[in-house]
Amino acid sequence: MIIVKLGGSVITKKATPLTINREAIAQLATTLKESRVPLIIVHGAGSFGHYNAGRFGLDSGEETRNPEGIARTRDSVLHLNLSLTKILQESGLNIYSFPPIALYREGKLETHANKVITEIMKINLIPLTYGDVMLGENGFRIMSGDVIVRDLAILLKPERIVFASDVDGISEKPGKKSPILRELDRGMIHKLSFSKVRNDVTGGMESKVLEAMRIAGQGIDVFFTNGLRRDRLMKALKGEKDGGTVIRGFNYEN
Ligand SMILES: Nc1ncnc2c1ncn2[C@@H]1O[C@H](COP(=O)(O)OP(=O)(O)OP(=O)(O)O)[C@@H](O)[C@H]1O
Ligand SMILES: [Mg+2]
């Protein structure tokens, strides 16, 4: 089993509010189908969720009790989820989509989540969930798709994780001039720098890399690849080295 995060930077046009990237989704759907690997898909909020979360002040990281902000942000994410599900379905991927609240209790994945996902996958359905506004301790908070991927990875111990975004992988510095790193290990993390987060309320690539390190610490390989490029996405799905940047799984004890 492989968990793939379809970044909002792939499935939406992140710089333009409320704009889906249909061509990109149709293309990646074909790649996912052709890969023939059992998948769990988590998608990001892109220019839907991040836009409304910013507009309604849900981007502070604090819990919120603003009903209009929560409702509007969720509404836009659900709209994206429905459009994505339709396109994936039209490409022959049988999707079972559900909000992450179905899997969590008091901020933690319930053990029941394992059974839900296993049963869905048993009949060749593809579980699909997404970054969402989730119940917190004293209100609601944004839970990023990247965090959901980390939680699912720790619970389900998949073969590998693929984070697909709009860049080929991780570079030491943001921008096209800095080459993509083929491998990233713990010792290199402090040398990396990341661009200031724009249109992303959940910490952008920097948080993604930190979540990825936690996953790798469970002995699971994590790939960063470009979801807009068929060949690269396919290679990452297959665990081939030149699909982008890989963080090899390790064990903390070692
Ligand atoms: N050092 C870096 N290496 C690679 N990409 C970087 C780096 N610093 C910043 N980035 C940026 O991170 C962006 C991807 O992160 P972002 O959170 O926007 O995407 P996403 O997770 O796919 O979207 P979403 O959060 O909506 O799911 C890229 O567009 C890239 O420009
Ligand atoms: Mg992001």
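Refer to the preceding data block for the structure.
In this report, the structure presented in the accompanying data block is examined. Treat the numbers as computed from the prediction; the structure is a model and nothing was measured. (Residues numbered from 1 in each chain as written. Chains lettered and ligands numbered in written order. Predicted model: local features only at pLDDT ≥ 70, side-chain atom pairs only at ≥ 80, totals over all residues. Heavy atoms only, no water.)

**Observations concerning the packing of aromatic side chains**
Here the structure, examined in full by the defined rule, presents two aromatic pairs. Geometrically, the ring pair formed by Y96 and F98 is tilted, given 6.2 Å between the ring centres and 50° between the ring planes. Taking 5.5 Å as the distance between ring centres and 20° as the angle between the ring planes, the aromatic pair formed by F163 and F224 counts as stacked. In this pair, F163 sits in strand β9 (residues 160–165) while F224 sits in strand β10 (residues 221–226), placing the two residues 61 residues apart along the sequence. R186 extends its terminal NZ or CZ atom over the ring of F250, reaching a point 3.8 Å from the ring centre. (Phe/Tyr/Trp six-rings, centres within 6.5 Å; stacked < 30°, edge-to-face > 60°. Helix = DSSP H or I, 4+ residues; strand = E, 2+ residues; numbered from the N terminus. Lys NZ or Arg CZ within 6 Å of the ring centre and 35° of its normal.)

**Considering the pairing of strand β6 (residues 126–130)**
Judged by how many residues are buried, β6 sits mostly within the fold: five of five residues are covered. One ladder, built from three bridges, connects strand β2 (residues 39–43) with β6; its direction is parallel. From the neighbouring strand, V42 faces β6, where its bridge partner is T129. Sheet analysis places strand β3 (residues 95–97) next to β6, joined by three bridges and oriented parallel. (Buried < 20%, exposed > 50% of the residue type's maximum accessible area, 1.4 Å probe, protein only. Pairing = 2+ DSSP bridges.)

**A few points about the site of ligand 1**
With respect to spatial proximity, 24 residues lie near ligand 1, and among them G8, S9, D166, D200 and K208 are the closest. G8 is positioned such that a nitrogen or oxygen atom in its backbone is 2.7 Å from an oxygen atom of ligand 1. Contact distances for ligand 1 include 3.0 Å between an oxygen atom and a side-chain N or O atom of H50. Contact with the protein chains covers 88% of the free accessible surface of ligand 1, which is 650 Å². Only α1 (8–11), α3 (46–55) and α7 (204–216) provide two or more residues apiece to the shell around ligand 1. (Near = heavy atom within 4 Å. Polar contact = N/O pair within 3.5 Å; in protein donor to acceptor, adjacent residues only side chain to side chain. Areas by Shrake-Rupley, 256 points an atom, 1.4 Å probe, with all protein chains shown as cover.)

**Things to note about the pairing of β10**
The buried count for β10 comes to five of six residues, which makes it a mostly enclosed element. Bridge count for β9 against β10 is six bridges, and the pairing is parallel. Looking across to β10, one finds that V162 is bridged to F223.

**Topic: the sheet that holds β6**
Spatially, β3-β6-β2-β1-β9-β10-β11 is the arrangement adopted by the seven strands of the open sheet, whose pairing is mixed. Pairing within the sheet leaves two strands with one partner each, and these edge strands are β3 and β11 (244–247). Each strand axis lies, on average, 20° off the axis of its neighbour in the sheet, ignoring direction. Two elements, strand β1 (residues 2–6) and β9, share five bridges in a ladder whose sense is parallel. (Axes fitted to C-alpha atoms, helices over the stretch in contact; angles between N-to-C directions.)

**Some remarks on the environment of G46**
Following the sequence through the fold, G46 ends up in helix α3. Apart from the residues lying within four places of it in its own chain, the contact partners of G46 are G8, T12, K14 and Y51. (Contact = heavy atoms within 4.5 Å.)

**Quick notes on unusual backbone geometry**
Even without being a glycine, L18 presents a positive backbone phi close to 55°. Here L18 lies in the loop between α1 and α2 (22–35). Here the phi dihedral of R36 falls at roughly 60°; this positive angle occurs in a residue that is not glycine. A relative accessible area of 75% places R36 in the exposed class.

**Section: the nonpolar core**
Counting 35 residues, the largest nonpolar core has L152, I161 and V222 as the members making the most contacts within it. For this core, the elements supplying multiple residues, two or more each, are β2, α5 (112–122), α6 (145–156), β9, α7 and β10. With six residues, α6 is the single largest residue contributor to this core. Contacts of V222, omitting those with residues within four sequence positions, involve I161, F163, A212, I215, A216, T245, V246 and I247. (Core = buried A, V, L, I, M, F, W, Y, C linked by side-chain atoms within 4.5 Å.)

**Structural notes on the environment of R186**
As for its placement among the helices and strands, R186 is situated in the loop between β9 and α7. Judged by its relative accessible area of 41%, R186 is partly exposed.

None of the figures reported here should be taken as evidence of function without further support.
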